Amino acid sequence: MSRIAVFGAGYVGLVTGACLADLGHDVAVRDIVPEKIDALRRGEVPIFEPGLDELLSRNAARLRYTLDVGEALDGAEFIYVCVDTPPLYSGDADLSRVWTVVDELPYDTRATIVMKSTVPVGTGEKVRAALDGRGLATVGYVSNPEFTAEGTAVRDFMEPDRIVVGAFDEVDGDAVAELHAGIDAPVVRADINSAEMIKLAANAFLMTRVSFVNEIANVCELVGADVQRVAEGVGLDHRLGPHFLRAGIGWGGSCFPKDSLALKQLAANSGYHFQLLSAVIEVNELQKRRVVQKLQKHLGKLRGKRVALLGLAFKPNTDDMREAPSLVLSSRLLAEGAEVRGWDPIARPELPGAQLYDTPLDAVTGADAAVIVTEWPELADIAREEIRAAMRHPLIIDGRNLLDPARVRRAGFAYEGVGRAVSPLDVLPETRDRELDPSR
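Residues numbered from 1 in each chain as written. Predicted model: local features only at pLDDT ≥ 70, side-chain atom pairs only at ≥ 80, totals over all residues. Heavy atoms only, no water.

Trainee: Which parts of the structure should I look at to understand the packing of aromatic side chains?
Mentor: Working definition: an aromatic ring pair is given by the centre-to-centre distance plus the angle between the planes. This model, assessed by the stated rule, comprises 4 aromatic pairs. Ring plane angle 45° and centroid distance 6.4 Å describe the contact between F244 and F256, whose orientation is recorded as tilted. Residue F244 is found in the loop between α10 (227-235) and α11 (256-269), and its partner F256 is found in helix α11; the two are separated by 12 residues along the sequence. Residue classification places F256 among the buried positions, given a relative accessible area of 13%. Taken together, F244, W251 and F256 form an aromatic cluster joined through their ring pairs. Residue placement shows R134 over the ring face of Y107; its charged tip is 5.0 Å from the ring centre. Over the face of the ring belonging to F147 we find R162, whose NZ or CZ atom lies 3.7 Å from the ring centre. (Phe/Tyr/Trp six-rings, centres within 6.5 Å; stacked < 30°, edge-to-face > 60°. Helix = DSSP H or I, 4+ residues; strand = E, 2+ residues; numbered from the N terminus. Buried < 20%, exposed > 50% of the residue type's maximum accessible area, 1.4 Å probe, protein only. Lys NZ or Arg CZ within 6 Å of the ring centre and 35° of its normal.)

Trainee: Mind showing me how you'd approach helix α12 (residues 275-299) here?
Mentor: Every α-helix carries 3.6 residues per turn, so stepping three or four residues along brings you back to the same face. Compared with the 36 Å implied by 1.5 Å per residue over 25 residues, the 37 Å span of α12 between its first and last C-alpha is a close match. At K288, α12 shows its strongest bend, of approximately 30°. G300, located one to two residues past α12, shows a positive phi value of around 75°. (Expected span 1.5 Å × (residues − 1). Bend = angle between axes of the 7 residues up to and from the residue.)

Trainee: What is the right way to look at the environment of A267 in this model?
Mentor: Relative to the assigned elements, A267 resides in helix α11. A267 has contacts with Y272 and F274, leaving out every residue within four places of it along the chain. (Contact = heavy atoms within 4.5 Å.)

Trainee: Any chance you could explain the sheet that holds strand β1 (residues 3-7) here in plain terms?
Mentor: Two strands in a sheet stick together by hydrogen bonds in their backbones, pointing the same way (parallel) or opposite ways (antiparallel). If you walk across this open sheet you meet the 8 strands as β3-β2-β1-β4-β5-β6-β7-β8, and the pairing is mixed. Sheet topology places β3 (63-66) and β8 (187-190) at the edges, where each strand pairs with a single neighbour. Strand-to-strand twist of the sheet, defined as the mean angle between neighbouring strand axes without regard to direction, takes the value 25°. Bridge count for strand β5 (residues 112-115) against strand β6 (residues 140-143) is 4 bridges, and the pairing is parallel. From the neighbouring strand, I113 faces β6, where its bridge partner is Y141. (Pairing = 2+ DSSP bridges. Axes fitted to C-alpha atoms, helices over the stretch in contact; angles between N-to-C directions.)

Trainee: Could you clarify how one ought to interpret α10 in this entry?
Mentor: Those residues of α10 that fall on the buried side of the exposure criterion are V227, A231 and G235. On an axial view of α10, the arc spanned by its buried residues comes to 65°, and they lie on one face. Packing partners of the buried residues in α10 comprise α9 (192-223). In this structure D226 caps α10, since a side-chain oxygen of it lies 2.9 Å from the backbone nitrogen of Q228. (Arc of directions from axis to C-beta. Polar contact = N/O pair within 3.5 Å; in protein donor to acceptor, adjacent residues only side chain to side chain.)

Trainee: So what exactly am I meant to see when it comes to empty space enclosed by the protein here?
Mentor: Left-over empty space is what a probe sized like a water molecule reveals as it rolls over the atoms. Per the stated rule, a full pass over the model turns up 3 cavities of 30 Å³ or more. In this structure, the largest cavity encloses a volume near 60 Å³. Around the largest cavity, the lining residues are M115, S117, T118, V119, S143, P145, E196, K199 and L200. Top contributing element to the lining of the largest cavity by residue count: α9, with 3 residues. Partitioned by chemical class, the residues of the lining of the largest cavity number 4 nonpolar, 3 polar and 2 charged. Looking at the second largest cavity, the residues that line it are T85, A93, T118, V119, P120, L200, K258, D259 and A262. (1 Å grid on protein atoms, 1.4 Å probe; cavity = no way out; pocket = protein on both sides within 12 Å on 5 of 7 lines; lining within 4 Å. Points joined across faces, edges and corners; volume = space filled by probe spheres on them. Nonpolar A, V, L, I, M, F, W, Y, C, P; charged D, E, K, R; others polar.)

Trainee: Any chance you could explain the layout of surface pockets here in plain terms?
Mentor: If you add up the space inside the second largest pocket, you get close to 180 Å³. Along its surface, the second largest pocket is lined by 13 residues, and D92, P120, K126, L266 and N269 are the ones closest to its centre. Elements with a contribution of two residues or more to the lining of the second largest pocket: α6 (123-133) and α11. The element best represented in the lining of the second largest pocket is α11, accounting for 4 residues. Tallied by class, the residues present in the lining of the second largest pocket amount to 7 nonpolar, 4 polar and 2 charged.

Trainee: Help me understand the environment of I396, please; the structure alone is not making it clear to me.
Mentor: Position of I396 relative to the elements: it lies in strand β13 (residues 395-398). Each C-alpha atom, one on I396 and one on I382, is 9.2 Å from the other, the two residues being 14 residues apart in sequence. Every residue in contact with I396, bar those within four places of it in the chain, is listed here: A370, I372, I382, A383, L403, V408, F413, A414, Y415 and E416.

Trainee: In this structure, what is going on with the pattern of salt bridges? I would like to understand it.
Mentor: A side chain of one charge can pair with a side chain of the opposite charge when the charged atoms of the two come close. What the rule picks out here adds up to 32 salt bridges. The shortest N-O distance in the salt bridge between K36 and D31 comes to 4.0 Å. Judged by its relative accessible area of 24%, K36 falls in the partly exposed class. Owing to a relative accessible area of 8%, D31 belongs among the buried residues under this scheme. Between E221 and K294 there is a salt bridge; the shortest N-O distance is 2.6 Å. Note that E221 is positioned in helix α9 and K294 in helix α12, a separation of 73 residues in sequence. What makes E221 partly exposed here is its relative accessible area of 21%. Classification of K294 by relative accessible area gives buried; the value is 7%. Taken together, the salt bridges that share partners define one network made up of E221, R290, K294, K297 and E416. (Salt bridge = Lys/Arg side-chain N within 4 Å of Asp/Glu carboxyl O.)

Trainee: Please clarify how unusual backbone geometry should be interpreted in this entry.
Mentor: For residues other than glycine, phi is negative in most cases, and the peptide bonds are mostly trans. Positive phi, normally seen in glycine, also occurs at E323, with a value near 55°. The partly exposed category is assigned to E323, whose relative accessible area is 46%. A positive phi angle is found at N401, which is not glycine, with a value near 50°. Counting through the fold element by element, N401 comes out in the loop between β13 and α16 (405-410). Classification of N401 as buried rests on a relative accessible area of 3%.

Below you can see the structure in the form of structure tokens.
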């Protein structure tokens, strides 16, 4: 058992602390938000992450929560930095919280810093230099990037594809690798810069796959192909695989948008124009806005139209609204003069100008269109008689290709997905009339 201090009680910090405690370590979680620490002390989890509340409860005896730096560091052998690094207006990562943790370390610290936060390449070298400059040469430094996805974070930590450990000193790297004893996964040992780059490169490649399949989907719509079948055929190639080849309305969340900008800016600051990543980001931004075009194709001008956004969080099994596509859609629809309604089973965001409802049925009542923004399981049977009868126009824009088009059509809905050819039966009668007579 080791004594570990975790700085930051957000998604990464809480999952990291809970999982390390589950591996048998004694963990102190420190945050600067009193309400968050008070909630954790009461046994309340301030974020929604499947399985996390159970993990925290099961390991309560090995977990403690504090606002005090000294209390967190008392006896700590490892200091996990799990603070957020949001983008600045320049596109660079904001490392102010990282530096706050480093600056708060007392001069008698003998622990090893373990960097979990996603940071630009070169951050470790700067932190090392700062520690040495303060006379803290005895403080070790290890880069141990996280690869947890919201909604599956606990599983991703306990059953990872790999554990990346970058260190200046092999002994420090060995010690951090040993903290994961009990987890069956390959350990990738690297220098600090390479470990930092692995995290950014992995996310950039995943983003590239998403944007690529969305571009293919857009071409499929033009030529009458089905992106679902195309992705299936491509994904069976052992060189490529099926993962992240699902067309939709783009990615959001706390990692991809931030990390894409950070890597692009890192390249620019180094004198390199990362053309591919720039295109990946642009495709993702345009993909969200294509939903408005689809609605206009079916409904004409959107002023006065009522649109229900079904699913608001950026992905299922989370309440995280950071960079969620629903935010862009809501804003664009309101700008077009539409009335926006929203539903989500977990997230309760503030959407200025939009009205939130407790059930999908409430949200679509009287609506001219329903847009599936997040593929919540509750929406799998949305194409039913009760929903069709409640809508002013039975139109579903399936932004995640969650539904079977033929089944939706048989249920009496007009339907359009992403990268799926639209047949005459998928179009509202009013739309067909308007195409025959543009003056309508």
